Amino acid sequence: HGSYFANMAVHNSDLVICIGARFDDRSTGGVFDKFAPGAKVIHIDIDPSTINKNIKVHCPVVGDAKSVITQLDESIPLEFKPDSNSRTDWFEQIKDWEANHPTVAIQKGKQIKTSFAIDTISKITKGKAVVVTDVGQHQMWVAQYYQFENPRNQVTSGGLGTMGFGFPAAIGAQVANPDALV
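What counts and how
For every chain, the first residue of the written sequence is number 1, and numbering continues from 1 onward in sequence order. For a predicted model such as this one, the threshold for reporting local features is a pLDDT of at least 70, and the threshold for listing and counting side-chain atom pairs is 80 or more; totals across whole chains, interfaces and linings nevertheless cover every residue. To get the side-chain values, take all heavy atoms of the structure and skip hydrogens and water. The salt bridge criterion pairs a side-chain nitrogen of Lys or Arg with a carboxyl oxygen of Asp or Glu, the two atoms within 4 Å. Secondary structure elements are defined from DSSP: runs of H or I of at least 4 residues count as helices, runs of E of at least 2 residues count as strands, and each element is numbered from the N terminus. Categorising residues by exposure relies on relative accessible area from a 1.4 Å probe, with only protein chains included: less than 20% of the type maximum marks a residue as buried, more than 50% marks it as exposed, and the intermediate range marks it as partly exposed. In this description, a nonpolar core means a group of buried Ala, Val, Leu, Ile, Met, Phe, Trp, Tyr and Cys residues linked to one another through side-chain atoms lying within 4.5 Å. Note on contacts: a residue pair is in contact if any heavy atoms of the two residues lie within 4.5 Å. Any two strands with at least two DSSP bridges between them are considered paired. Axes, fitted as lines to C-alpha atoms, cover a helix only where it is in contact. Angles between the N-to-C directions of the axes lie from 0 to 180 degrees.

**Q** When you look at the pattern of salt bridges in this model, what are you seeing that I'm missing?
**A** When the charged atoms of two side chains with opposite charge come close together, those side chains can pair. Applying the stated rule across the entire model yields 2 salt bridges. Lys95 serves as the salt-bridge partner of Glu92, at 3.9 Å between the closest nitrogen and oxygen. With Glu92 and Lys95 both in helix 4 (residues 88-100), this residue pair falls 3 residues apart, about one helical turn. The salt bridge involving Asp119 is made with Lys123; its shortest N-O contact spans 2.9 Å. Note that Asp119 and Lys123 are positioned in helix 5 (residues 114-124) at a spacing of 4 residues, about one turn of the helix. Note on Asp119: relative accessible area 11%, which makes it buried. Among the residues examined, Lys123 registers a relative accessible area of 59% and is labelled exposed.

**Q** How should unusual backbone geometry be read in this particular structure?
**A** With a phi close to 65°, Asn52 is a non-glycine residue in the positive phi region. The topology assignment puts Asn52 in the loop between strand 2 (40-45) and strand 3 (59-62). In the Ramachandran plot, Arg152 falls in the positive-phi region, its phi being about 60° despite a non-glycine side chain. Relative to the helices and strands, Arg152 is located in the loop between helix 6 (137-145) and strand 5 (154-155).

**Q** Help me understand the nonpolar core in this model?
**A** The tendency in soluble globular proteins is for nonpolar side chains to be buried as a group. With 10 residues, the main nonpolar core is built from Val16, Cys18, Phe23, Phe35, Ala36, Ala39, Val41, Ile51, Ile55 and Val57. When residues no more than four places from it in sequence are discounted, the contact partners of Val16 are Val10, Phe23, Phe35, Ala36, Ala39, Lys40, Val41 and Ile42. By size, the runner-up hydrophobic cluster in this structure holds 6 residues, among which are Ala129, Val131, Val142 and Tyr145.

**Q** Could you clarify how one ought to interpret the sheet that holds strand 2 in this entry?
**A** Sheets are built from strands paired through backbone hydrogen bonds, the pairs being either parallel or antiparallel. Strand order in the open sheet formed by 3 strands is 1-2-3, with parallel pairing between adjacent strands. Among the strands making up the open sheet, the edge pair consists of strand 1 (15-19) and strand 3. This sheet shows a mean twist of 10° between the axes of neighbouring strands, independent of strand direction. Where strand 2 and strand 3 come together, 4 bridges link them in parallel fashion. Bridge pairing links Ile42 to Cys59 in strand 3. Each of strand 1, strand 2 and strand 3 is contacted by helix 3 (residues 65-75), which is oriented at about 130° to strand 2, the strand it contacts most.

Keep in mind these numbers describe shape, not what the thing actually does.
Given below as structure tokens:
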């Protein structure tokens, strides 16, 4: 569900560190056995039931993210911490993927590209609208392509799959914010 370059970076990585997130169909593309096939996976989560649930983890770590990250950072000797110069080729590859597959589609022909439409609405509203989505792919599209100026202005049911959520939620958002563009 993410951008092409981000998906390619994960797919071609040699190490994936997941902190406090689940490996679900949205973050993996739904094909669990093909997710980052050349990568070792470190999964840090406070809930042990999420570890190894969908993705085989090479290094499971159960604990509070802040505590675990602090402990890991303190235990890695400085000479083993990479700097950005040691990954120049990798960053160039990612920039190349992004340049050749831009996140917002270039509009050609009569068919309106979804990313272009949402980006255009974002520009017209200057990112100041309250945007309400129903259930489905458009939740992801809004999260990716609408450039929100203010926090908490995307109203969505999240991953709960509550069909029909959008219309009454938009009414509620307008009632709660009568002066806002919803």
